[in-house]
Amino acid sequence: QVQLVESGGGLVQAGGSLRLSCAASGRTFSRYFMGWFRQVPGKEREFVAYIGWGGGLSVYADSVKGRFMISTDDAKSTVYLLLNNLKPEDTAVYYCAALSRIRSLPTTRDADYWGQGTQVTVST
């Protein structure tokens, strides 16, 4: 069993930045790649980024490439997502996920565990 707890969401103006955190716990969390997804009402949850523990391979969705950065702090069992140059279309609930399968564009079917989500709202 893996537990994921996100924090760090909030309200920010367009062009601003936020850092999301995801604290992982449980006996097997280190076996998973860690990802971030986001979802707006009425739409499917979409992939944002993922990374391996130890700061290895990281992959981003085209919509956030060059603006968002995913990283890990293995000592704290925490995954971060730094959101820079935010746009109103980045407004969503952001979810941390433990991925048991990875591919070039992961889907929700690749995640075994989810956090509760944290709201990010970008104003104009």
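Structural data are supplied above this passage.
Here's what I pulled together on the structure shown here. (Residues numbered from 1 in each chain as written. Predicted model: local features only at pLDDT ≥ 70, side-chain atom pairs only at ≥ 80, totals over all residues. Heavy atoms only, no water.)

## Focus on the pairing of strand β1 (residues 3-7)
- Going residue by residue along β1, you find Leu4 and Glu6 tucked away on one face and Gln3, Val5 and Ser7 left uncovered on the opposite face.
- Pairing of β1 with strand β3 (residues 18-25), which is carried by 5 bridges, proceeds in the antiparallel orientation. Paired with Val5 across the bridge in β3 is Ala23. (Buried < 20%, exposed > 50% of the residue type's maximum accessible area, 1.4 Å probe, protein only. Helix = DSSP H or I, 4+ residues; strand = E, 2+ residues; numbered from the N terminus. Pairing = 2+ DSSP bridges.)

## Regarding the environment of Leu99
- Summarising the element assignment, Leu99 is placed in strand β9 (residues 92-99).
- Dropping the residues within four chain positions of it, Leu99 is found in contact with Tyr32, Phe33, Gly35, Phe37, Tyr50, Asp110 and Ala111. (Contact = heavy atoms within 4.5 Å.)

## Focus on the packing of aromatic side chains
- Summed over all chains, the structure comprises 7 aromatic pairs.
- Between Tyr95 and Trp114, the aromatic rings sit 6.4 Å apart at their centres with planes inclined by 90°, giving edge-to-face as the arrangement. One end of the pair, Tyr95, is in strand β9; the other, Trp114, is in strand β10 (residues 111-114), and 19 residues separate them in sequence.
- For Tyr95, a relative accessible area of 13% gives the class buried.
- Judged by its relative accessible area of 29%, Trp114 is partly exposed.
- Ring pairing ties together the aromatic residues Phe33, Phe37, Phe47, Tyr50, Tyr95 and Trp114, which thus form one cluster.
- The aromatic ring of Tyr95 is capped on one face by Arg45, whose charged end is 3.6 Å from the ring centroid.
- Positioned above the aromatic ring of Trp114 is the side chain of Arg45, whose terminal nitrogen or guanidinium carbon lies 4.7 Å from the ring centre. (Phe/Tyr/Trp six-rings, centres within 6.5 Å; stacked < 30°, edge-to-face > 60°. Lys NZ or Arg CZ within 6 Å of the ring centre and 35° of its normal.)

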